[in-house]
Amino acid sequence: MIRLFTALEIPLAIAGQLTALQSGLKGARWIDPEAMHITLRFIGEVPEDTAHDIDRALSGIYAAPFDITLDGIGEFGGRKPHAVWARVADNPGLMQLQARQETALQRAGLAPDRRKYTPHATLARLRRGTDPADVMRYIERNNLFRAGPFPVSRFVLMSSRLSQGGGPYITERAYDFTNPGGLDEEELEEEEAFLEAMFAGA
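Residues numbered from 1 in each chain as written. Predicted model: local features only at pLDDT ≥ 70, side-chain atom pairs only at ≥ 80, totals over all residues. Heavy atoms only, no water.

Enquirer: Go over the overall build of the protein chain, please, and point to the residues and values.
Expert: Scanning the protein chain from terminus to terminus reveals 5 helices and 9 strands. Mapped in sequence order, the helices and strands of the protein chain form the string β-α-β-β-α-β-β-α-β-α-β-β-β-α. Buried residues in the protein chain amount to 43% of all 202 residues. For the protein chain, long-range pairs separated by at least 24 residues make up 78% of all intrachain contacts whose partners lie at least 6 apart in sequence. Total accessible area on the protein chain stands at roughly 11,000 Å², and carbon and sulfur atoms take up 51% of it. (Helix = DSSP H or I, 4+ residues; strand = E, 2+ residues; numbered from the N terminus. Buried < 20%, exposed > 50% of the residue type's maximum accessible area, 1.4 Å probe, protein only. Contact = heavy atoms within 4.5 Å. Areas by Shrake-Rupley, 256 points an atom, 1.4 Å probe, with all protein chains shown as cover.)

In structure tokens, the structure reads:
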């Protein structure tokens, strides 16, 4: 079995700006800069043969390059906070890429991901019992944070092992934003129309 997810890489210069935010919050387990990323689709543990099917599905995804900006700070967990993160500013290109991946992975046999997609870069995972008021004060102090834009022209398939910090992460495969599936122009237009209809109905 292998535990997989897809992600966008964060340039080291941007990761350096994120690390400047990593202080002043009791109970935080800060993410190392080399492990920072923007998750596209968490896949979970799958058999090796399914991993090969996933690779083939992802290899056929077409996308145009786009730029990403990080803008503001958020948290997951509410009254029981478990993570703080940097928000990705609204980005249609990113959302369409994520929708393309969801479609491709479902076609490869994976169950739909029912969770709402919130693009972000995790700054810290929080220990159980972290005070929500401390988290809110941390967000208020840092919510004017902004970094980028930075260009994105590929996504990666990563593996991880279960641990407190969520890592270490290993890049198993990188996929350039090209037309690797060899679709002709008519097939590309049909694929675009299908994905746009799916995206509009999301």
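After that view of the structure, there is still more to cover.
Enquirer: Kindly report on the packing of aromatic side chains, identifying the contributing residues and their values.
Expert: All told, the structure shown has 6 aromatic pairs when counted by the stated rule. Measuring from centroid to centroid gives 5.4 Å for Phe5 and Tyr169, while their planes differ by 80°, and the two rings are edge-to-face. A residue pair is termed long-range when its members are at least 10 positions apart, and Phe5 in strand β1 (residues 2–9) and Tyr169 in strand β9 (residues 169–176) qualify at 164 residues. Residue Phe5 is classed as buried on the basis of its relative accessible area of 4%. With a centroid separation of 5.0 Å and an interplanar angle of 40°, the aromatic rings of Phe76 and Trp85 are classed as tilted. On the basis of relative accessible area, Phe76 is assigned to the partly exposed category, the value being 26%. Aromatic ring contacts, followed pair by pair, group Phe66, Phe155, Tyr175 and Phe177 into a single cluster. (Phe/Tyr/Trp six-rings, centres within 6.5 Å; stacked < 30°, edge-to-face > 60°.)

Enquirer: Kindly report on the side chain of His120, identifying the contributing residues and their values.
Expert: Here His120 is to be found in strand β6 (residues 120–126). On the basis of relative accessibility, which here comes to 15%, the residue His120 falls in the buried class. A polar side-chain atom of His120 sits 2.6 Å from the main-chain carbonyl oxygen of Thr118. (Polar contact = N/O pair within 3.5 Å; in protein donor to acceptor, adjacent residues only side chain to side chain.)

Enquirer: How would you summarise helix α3 (residues 92–107) if you had to cite specific residues and measurements?
Expert: The end-to-end C-alpha distance of α3 is 23 Å, a good match for the 22 Å that 16 residues give at a rise of 1.5 Å each. Two or three places before Gly93, at the start of α3, stands the capping residue Asn91, its side-chain oxygen 3.1 Å from that residue's backbone nitrogen. Of the residues one or two after α3, Gly109 is the one with positive phi, at around 105°. (Expected span 1.5 Å × (residues − 1).)

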